[in-house]
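What the coordinates show
Listed below are the residues making up each chain.
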Amino acid sequence: MDRARAVLKSHFMARFAAAVLRESHPDLVARMTVRQTVLNWHSRAVEALDR
């Protein structure tokens, strides 16, 4: 359940940040790379998410 919530938050924050950057700095959009990860607090492992 915690991981599912973290994945949802990661997707939301990536979309939100990309939208803000597109609006405020449209010249950077072509060079932008979106990476999404989640952190497992128990093991402190960072897991990359595939889109």
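Anyway, here's the lowdown on the structure attached to this text.

Rules and cut-offs
Within any chain, residue numbers begin from 1 and follow the written order of that chain's sequence. Predicted model: local features are reported for residues with pLDDT of at least 70 only, side-chain atom pairs are reported and counted for 80 or more only, and whole-chain, interface and lining totals are derived from all residues. Note that the side-chain values use all heavy atoms of the structure and ignore hydrogens as well as water. Secondary structure follows DSSP: runs of H or I at least 4 residues long count as helices, runs of E at least 2 residues long count as strands, and numbering of each begins at the N terminus. C-alpha atoms define the radius of gyration, and 2.2 Å times the number of residues to the power 0.38 defines the globule rule. Three labels apply to residues, based on accessible area from a 1.4 Å probe with only protein chains included: buried if under 20% of the type maximum, exposed if over 50%, partly exposed otherwise in between. Only the protein chains shown count as cover for residues, with accessible areas throughout obtained via the Shrake-Rupley method and a probe of 1.4 Å. Positive residues here are Lys and Arg, negative ones are Asp and Glu, while His and the chain termini are left out of the count. Lysine's charge is taken at NZ, arginine's at CZ, aspartate's at CG and glutamate's at CD. Residues form patches when they are more than 30% accessible in relative terms and have no salt bridge. Like charges link within 9 Å. Nonpolar side chains (Val, Leu, Ile, Met, Phe, Trp, Tyr) link within 5 Å. By salt bridge we mean one thing: a side-chain nitrogen of Lys or Arg within 4 Å of a carboxyl oxygen of Asp or Glu. Here the expected span of a helix is defined as 1.5 Å times the quantity of residues minus one. We call two residues contacting when some pair of their heavy atoms lies within 4.5 Å.

Across its full length, the protein carries one helix and two strands. Reading the protein from its N end, one meets helices and strands in the order α-β-β. By the compact-globule yardstick of 10 Å for 51 residues, the protein is too spread out, its C-alpha radius of gyration being 13 Å. In terms of its C-alpha atoms, the protein occupies a principal-axis envelope of roughly 40 × 15 × 15 Å. A total of 51 residues make up the protein; the buried ones form 14% of that total. Here the protein displays about 4700 Å² of accessible surface, and carbon together with sulfur accounts for 58% of that area. Of note, the protein has its 9 positive side-chain charges centred 2 Å away from the centre of its 5 negative side-chain charges.

Together, Phe12, Met13, Phe16 and Val20 make up a nonpolar patch on the protein surface, roughly 400 Å² of accessible area in all. By relative accessible area, which is 48% here, methionine 13 ends up partly exposed.

Look at helix H1 (residues 2-24): 33 Å from first C-alpha to last across 23 residues, which is about the 33 Å you get at 1.5 Å a residue. Residues of H1 that are buried include every one of Val7, Ser10, Ala14 and Ala18, and no others. On the buried face of H1, the contacting elements are strand S1 (36-40) and strand S2 (45-49).

All right, on to the environment of histidine 11 then. With respect to the helices and strands, histidine 11 occurs in helix H1. Measuring from C-alpha to C-alpha, the distance between histidine 11 and glutamine 36 comes to 7.0 Å, with 25 residues separating the pair along the chain.

That is the geometry; function is a separate question.
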